[in-house]
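Topology and contacts: notes
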Amino acid sequence: MRFLGNIEAKTDAKGRVFLPSTFRKVLQASGEELLVMRKDIHQKCLVLYPESVWNKRVDALRASISEWDDEGMMVLRQYMQDAEVIILDGNGRFLIKSEFLAAAEIDHAVRFIGMTDFIEIWAADKAEQPFMSQAEFSSKLKALMTGSGGFNPFVAAATTPPSTD
């Protein structure tokens, strides 16, 4: 499942918005019906997870926290409290609650950005400009792709001959 795209849309007076058809097609092809929306923990945007992706993330978080870890349980509680199940109506619309709109500083125009296995929803004006300069993007992407010490895991995986053991 891969979401790809940068699509602008508008909320109606009630806060409803159409999930872009390209994203709906990905969901349908993957057999996903439910989405989970939560406020992003890093940026002023909202995140939509297909149910299977959400479940994997919650399972990983839950597995890392003991029920006897008060602080960990507070983190889990906050993470879950800020989430909501989203069901698309027959037209592909869903409601963004006013508190979520406010948290993401969304007025009327939104921008959906496909982020591989999830979708971000931004206030359109905040997602118009690049998130970083071209030079910074190039530098950070190069560092990510080459890994530490100049090792490129993508090239190594593609060029390493299979074991003959």
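Here, every reference points to the structure presented above.
Here's what I pulled together on the structure shown here.

What counts, and at which threshold
Residues numbered from 1 in each chain as written. Predicted model: local features only at pLDDT ≥ 70, side-chain atom pairs only at ≥ 80, totals over all residues. Heavy atoms only, no water. Helix = DSSP H or I, 4+ residues; strand = E, 2+ residues; numbered from the N terminus. Expected span 1.5 Å × (residues − 1). Buried < 20%, exposed > 50% of the residue type's maximum accessible area, 1.4 Å probe, protein only. Arc of directions from axis to C-beta. Pairing = 2+ DSSP bridges. Phe/Tyr/Trp six-rings, centres within 6.5 Å; stacked < 30°, edge-to-face > 60°.

1. Description of helix α2 (residues 51–63)
The end-to-end C-alpha distance of α2, which contains 13 residues, comes to 18 Å, matching closely the 18 Å that a straight helix rising 1.5 Å per residue would cover. What α2 keeps buried is the set Val53, Trp54 and Val58. Viewed along the axis of α2, the buried residues span an arc of 130°, placing them on a single side of the element. Along α2, exposed side chains directed more than 90 degrees from the buried face belong to Lys56, Asp59, Ala60 and Ala63.

2. Some words on the pairing of strand β3 (residues 34–39)
Alignment of β3 against strand β5 (residues 83–87), held across five bridges, turns out to be antiparallel. Following the sheet pairing, Val36 is matched in β5 by Val85. Bridging between β3 and strand β4 (residues 46–50) involves five bridges; their strand directions are antiparallel. Looking at the pairing, Lys39 lines up with Leu46 of β4.

3. Details of the packing of aromatic side chains
Applying the stated criterion to the full structure yields four aromatic pairs. With 5.3 Å between their ring centres and 5° between their planes, Trp54 and Tyr79 make a pair best called stacked. With Trp54 in helix α2 and Tyr79 in helix α3 (residues 70–81), the pair connects residues that are 25 residues apart, well separated along the chain. Note on accessibility: Trp54 and Tyr79 belong to one class, buried. Among the aromatic residues, ring-to-ring pairing joins Tyr49, Trp54, Tyr79 and Phe118 into one connected group.

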